[in-house]
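Fold and geometry: a report
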Amino acid sequence: MEHEENDCSAVLSEVYLYLDLECSEDRRQLIQKHLDDCPGCLREFGIEHEVKALVSRCCGDERAPAELRDRLRSKLGQLEVQTEAREFLP
């Protein structure tokens, strides 16, 4: 099955959400179907999956110091969420 480049870009942009189980079940199913049908994305997904597994093995048991976590929470609380308008050209 041939996929459009936009479909592949969307899937690859969400691969970490997929790996971390941070997207809806419906979206997970769509991404899994795309990966099953698209060898290029599946190959890229495999690379992403391996990198994530390596980082987890090397750093999985480490936790940031409490002071750093508190500072990050404070900074994140101060951020405004901004939506970027994107224009798609035909």
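Residues numbered from 1 in each chain as written. Predicted model: local features only at pLDDT ≥ 70, side-chain atom pairs only at ≥ 80, totals over all residues. Heavy atoms only, no water.

**What to know about the overall build of the protein chain**
A tally of helices and strands in the protein chain yields five helices and zero strands. In the protein chain, which comprises 90 residues, the share counted as buried stands at 18%. A separation threshold of at least 6 residues defines the contact pool for the protein chain, and within that pool the share at least 24 residues apart is 56%. With an accessible surface of roughly 8,000 Å², the protein chain has 53% of that area assigned to carbon and sulfur atoms. (Helix = DSSP H or I, 4+ residues; strand = E, 2+ residues; numbered from the N terminus. Buried < 20%, exposed > 50% of the residue type's maximum accessible area, 1.4 Å probe, protein only. Contact = heavy atoms within 4.5 Å. Areas by Shrake-Rupley, 256 points an atom, 1.4 Å probe, with all protein chains shown as cover.)

**Things to note about the packing of helix α3 (residues 25–37) against helix α4 (residues 39–59)**
Where α3 contacts α4, the axes come no closer than 5 Å and their chain directions differ by 110°. Between α3 and α4, the interaxial angle falls into the category roughly perpendicular. Taken together, the residues of α4 that come into contact with α3 (itself represented by His34, Leu35 and Asp37) are Pro39, Cys41, Leu42 and Phe45. For the contact of α3 with α4, the residue count by class is five nonpolar, one polar and one charged. (Axes fitted to C-alpha atoms, helices over the stretch in contact; angles between N-to-C directions. Parallel < 35°, antiparallel > 145°, perpendicular 65-115°, else oblique. Nonpolar A, V, L, I, M, F, W, Y, C, P; charged D, E, K, R; others polar.)

**Here's the deal with the nonpolar core**
Residues Cys8, Val11, Val15, Tyr18, Leu19, Cys23, Ile31, Leu35, Cys38, Cys41 and Phe45 constitute the largest nonpolar core, which totals eleven residues. Of all the secondary structure elements, the ones that give two or more residues to this core are α1 (5–13), α2 (15–19), α3 and α4. Here leucine 35 is in contact with Val11, Tyr18, Cys41, Leu42 and Phe45, once residues within four sequence places are set aside. (Core = buried A, V, L, I, M, F, W, Y, C linked by side-chain atoms within 4.5 Å.)

**Some remarks on the pattern of salt bridges**
In the structure shown here, the tally under the stated rule is three salt bridges. For the salt bridge of aspartate 37 with lysine 33, the shortest nitrogen-to-oxygen distance reads 2.8 Å. Of this pair, aspartate 37 and lysine 33 both sit in helix α3, separated by four residues, roughly a single helical turn. Under the relative-accessibility criterion, lysine 33 is labelled partly exposed at 49%. (Salt bridge = Lys/Arg side-chain N within 4 Å of Asp/Glu carboxyl O.)

Read these as spatial facts, not as claims about activity.
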